[in-house]
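What follows is the residue order along each chain.
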Amino acid sequence: MKIFKKALKLNYLIYIIIILIGAFWFWTTCQKYNQFAFKLSADSAVAENALWNTIHGDWFYQSFLNTPNNFREHLGFVQIWYLPFYYIIPHTLTLFAIIQISFVLAGILLYRFALFRIGKFGAIIVTVLFLFHPLTASQVVGPMHVVAIGGPFFLLMLMAYMKKHYKYYIIGILLLVFLSEFAAPTIFMMGILALWDRRNWRWFAPPFIGGIALYMAAKYYITIGFSKHNSLLSHFKPEAMKHIYKLPKRVTFVGDFLKPMLYILPFFSRYVILLLPSIILAIFIVVPGRLKGGAHIFIFVPAILAIIFIDLAMRWKSSWKKKILYGVTIVGIVLSLHSWWKWMEIDGSVYASTLDKALVYVRDGGSLTSDPQTGPHLSRRREFYLPANKKYSDYAVLKLSKNSKDRDKKLGEGNRYVDTLAKTGEYLEVFRDGRIMVLIKKEKLSQLLNKDIANIEQLSQKELQQKLLEVPISDNIIQ
């Protein structure tokens with residue numbers, strides 16, 4: 001008992017609990033990976049494809065985009081941070097581990113930062129607010145995106161700003177500038193905040209310059225998704241604002257990320273201006289169907305809410321105001337736990353065992369097309385595509401449509417991607433079980449089996465499978 005009390009007094013127990021939360025996140029992602037549970041977007045696969053190519057000599061080449069490097073889509077120089085670790089262990093789970101460790105370390109630093117300003121009880125509440133925010137959950141166990149570590153970066157920058165620690169503040173601004181172009185408006189708002197707080201030019205000039213420079217760099221360098229004719233700001237015009245697509249869904253999303261502070265509390269702090277870019281993105285710009293799958297662009301929100309809580313706790317000196325702040329936030333966190341926990345549900349694919357059987361027929365690092373669900377297992381190769389690319393790749397690992405109009409069609413009928421492959425006459429069906437199918441190009445089979453195409457065409461599917469399983473798997477294939 002004495003040891004327990006001493007640990008609590010010295011905060012060791014709090015640190016251990018935060019680390020255990022991170023361990024739980026990693027266990028969850030391992031289970032999701034093994035059960036093919038990353039379904040929301042293809043971001044995990046295409047982002048990792050660029051990292052894989054980089055450590056193999058092709059500087060951030062992302063085959064999905066058909067551009068020299070993936071900075072033509074996003075100015076995400078933050079990817080460079082992952083390279084040393086990914087070089088040692090080139091696996092999707094390595095990337096998740098980096099993100100999760102970043103949030104754990106940020107949680108520990110946040111607790112220590114709050115402890116000396118608002119006391120232990122308040123420090124515990126704000127740490128829980130940050131770690132158990134639904135948007136934190138979406139990034140630590142949801143579809144992996146390299147910019148997720150921007151959340152911890154932003155939190156550390158805000159703590160440096162509150163402490164008036166200029167050196168770390170500037171480092172934080174620089175890290176955010178190299179995060180991605182979506183950070184530009186929030187970085188710019190830091191300059192507005194510094195003006196509001198009557199800080200001198202050394203505080204407001206860097207975020208103004210950084211935000212504008214990042215926006216201009218994105219406008220003139222990015223060719224996919226942020227061109228002169230497809231700028232994010234093109235959606236934020238009076239004409240576009242008159243016809244907001246699926247407004248209720250957008251408002252619900254904003255409400256969900258404000259719920260941990262019960263919607264109203266953030267507006268009592270001047271730091272709320274940092275939330276404005278995220279609210280504008282959600283209401284006017286991001287396609288509703290991408291709000292959850294693209295939640296990485298809202299990753300600053302948990303950090304901003306944490307700082308708002310500390311700001312209010314420091315300013316609201318009276319006992320009754322603090323009780324309202326703490327009580328309302330606790331209620332908000334409890335109401336948000338359901339959304340947080342939904343991200344922790346494994347919800348594995350019913351086709352997991354079938355997909356395990358299918359993947360064994362991918363024997364080398366040849367070009368490959370697969371759906372987003374299978375992508376994280378197959379993107380570690382130079383040429384990785386999604387069906388939308390409509391490429392005639394060496395391998396195609398596909399899940400057929402569940403729509404009744406497509407389900408009963410024979411291979412080669414209709415306009416499905418798999419039909420376009422079949423119509424070429426260049427592929428053989430190597431595996432099929434229900435909706436899961438593997439097609440391999442005849443030329444690739446000839447190369448793998450060291451046989452003429454004419455001889456391969458004479459083999460039954462079972463014979464073909466047996467011979468493929470005798471082919472050694474390339475050393476650089478990790479599934």
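In case you missed it, the structure is sitting above this.
The structure contained in this document is the topic of the report that follows.

The rules behind these values
- Residues numbered from 1 in each chain as written.
- Predicted model: local features only at pLDDT ≥ 70, side-chain atom pairs only at ≥ 80, totals over all residues.
- Heavy atoms only, no water.
- Helix = DSSP H or I, 4+ residues; strand = E, 2+ residues; numbered from the N terminus.
- Buried < 20%, exposed > 50% of the residue type's maximum accessible area, 1.4 Å probe, protein only.
- Pairing = 2+ DSSP bridges.
- Phe/Tyr/Trp six-rings, centres within 6.5 Å; stacked < 30°, edge-to-face > 60°.
- Lys NZ or Arg CZ within 6 Å of the ring centre and 35° of its normal.
- Axes fitted to C-alpha atoms, helices over the stretch in contact; angles between N-to-C directions.
- Left-handed = near helix turned anticlockwise from the far one by under 90°.
- Contact = heavy atoms within 4.5 Å.
- Nonpolar A, V, L, I, M, F, W, Y, C, P; charged D, E, K, R; others polar.
- Salt bridge = Lys/Arg side-chain N within 4 Å of Asp/Glu carboxyl O.
- Polar contact = N/O pair within 3.5 Å; in protein donor to acceptor, adjacent residues only side chain to side chain.
- Expected span 1.5 Å × (residues − 1).

**A closer look at unusual backbone geometry**
For F36, which is not a glycine, the phi torsion comes out positive at approximately 55°. Of note, F36 is situated in the loop between α2 (12-34) and α3 (43-55). A positive phi angle is found at L262, which is not glycine, with a value near 50°. Assignment of secondary structure puts L262 in the loop between α12 (247-258) and α13 (276-285). The partly exposed category is assigned to L262, whose relative accessible area is 24%.

**Points about the pairing of strand β4 (residues 427-433)**
Two elements, β4 and strand β5 (residues 436-441), share six bridges in a ladder whose sense is antiparallel. Bridge pairing in β5 links R432 to M437. Connecting β4 to the antiparallel partner β5 that follows it, the hairpin turn spans two residues, and G434 within it adopts a positive phi of roughly 65°.

**Things to note about the packing of aromatic side chains**
In total, this model carries 28 aromatic pairs according to the counting rule given. Between the aromatic rings of W25 and F103, the centroid separation amounts to 6.5 Å while the plane-to-plane angle is 90°, which identifies the pairing as edge-to-face. Taken as a pair, W25 in helix α2 and F103 in helix α5 (residues 92-131) lie far apart in primary sequence, 78 residues in all. Taken together through their ring pairs, the aromatic side chains of F24, W27, F132, W340 and W341 make up a single cluster. Over the aromatic face of F113 sits the side chain of R117, whose NZ or CZ is 4.0 Å from the ring centroid. Above the plane of the ring of Y161 lies R199, whose end atom (NZ or CZ) is 3.8 Å from the centre.

**Observations concerning the packing of α5 against helix α7 (residues 150-163)**
One can describe the packing of α5 onto α7 by two numbers: an axis separation of 9 Å at closest approach and a directional angle of 35°. Handedness of the α5/α7 crossing: left-handed. On α7, the residues touching S102, F103, A106, L109, L110, F113, R117 and F130 of α5 are P152, L155, L156, M159, M162 and K163. Per-class residue counts for the contact of α5 with α7 are 11 nonpolar, one polar and two charged.

**With respect to the sheet that holds strand β2 (residues 384-385)**
Note on sheets: strands pair through backbone hydrogen bonds, and any given pair is parallel or antiparallel. Strand order in this open sheet of five strands is β2-β1-β3-β5-β4, and the pairing throughout is mixed. Unpaired on one side and paired on the other, β2 and β4 mark the two borders of the sheet. Sheet topology places strand β1 (residues 368-370) next to strand β3 (residues 395-399); three bridges connect them, and they run parallel. The partner of S370 across the bridge, within β3, is V397.

**Points about the pattern of salt bridges**
For the structure on display, the rule yields 11 salt bridges. Note that E48 and R380 form a salt bridge whose closest N and O atoms lie 2.7 Å from each other. Within this pair, whereas E48 is found in helix α3, its partner R380 is found in the loop between α17 (375-378) and β2, the two being separated by 332 residues in sequence. Here E48 matches R380 in class, with each residue buried. For the salt bridge of E457 with K442, the shortest nitrogen-to-oxygen distance reads 2.6 Å. Taken together, the residues E457 in helix α21 (residues 453-457) and K442 in helix α20 (residues 442-449) connect sequence positions 15 residues apart. Connected via shared salt-bridge partners are D197, R270, D311 and R315.

**Examining the side chain of S63**
Tracing the chain through its elements places S63 in the loop between α3 and α4 (83-88). At 3.5 Å, the side chain of S63 and the backbone oxygen of R382 are in polar contact. A polar contact of 2.7 Å, which involves the side chain of S63, links it to the backbone oxygen of F384. The residues touching S63, leaving out its near neighbours within four places in the chain, are N49, R382, E383, F384 and Y385.

**What to know about the side chain of H145**
Its place among the elements puts H145 in the loop between α6 (134-140) and α7. Once residues lying within four places of it in the same chain are set aside, the contact partners of H145 are D43, Y82, I99, Q139 and H296.

**Here we look at helix α9 (residues 184-196)**
Its 13 residues give α9 an end-to-end C-alpha distance of 19 Å, which sits within 8% of 18 Å, the value for a rise of 1.5 Å per residue. Burial in α9 covers these residues: A184, T186, I187, M189, M190, G191, L193 and A194. Once α9 finishes, R198 follows within two positions and takes phi at roughly 60°, a positive value.

In short, the description is geometric, and any link to function would need to be established separately.
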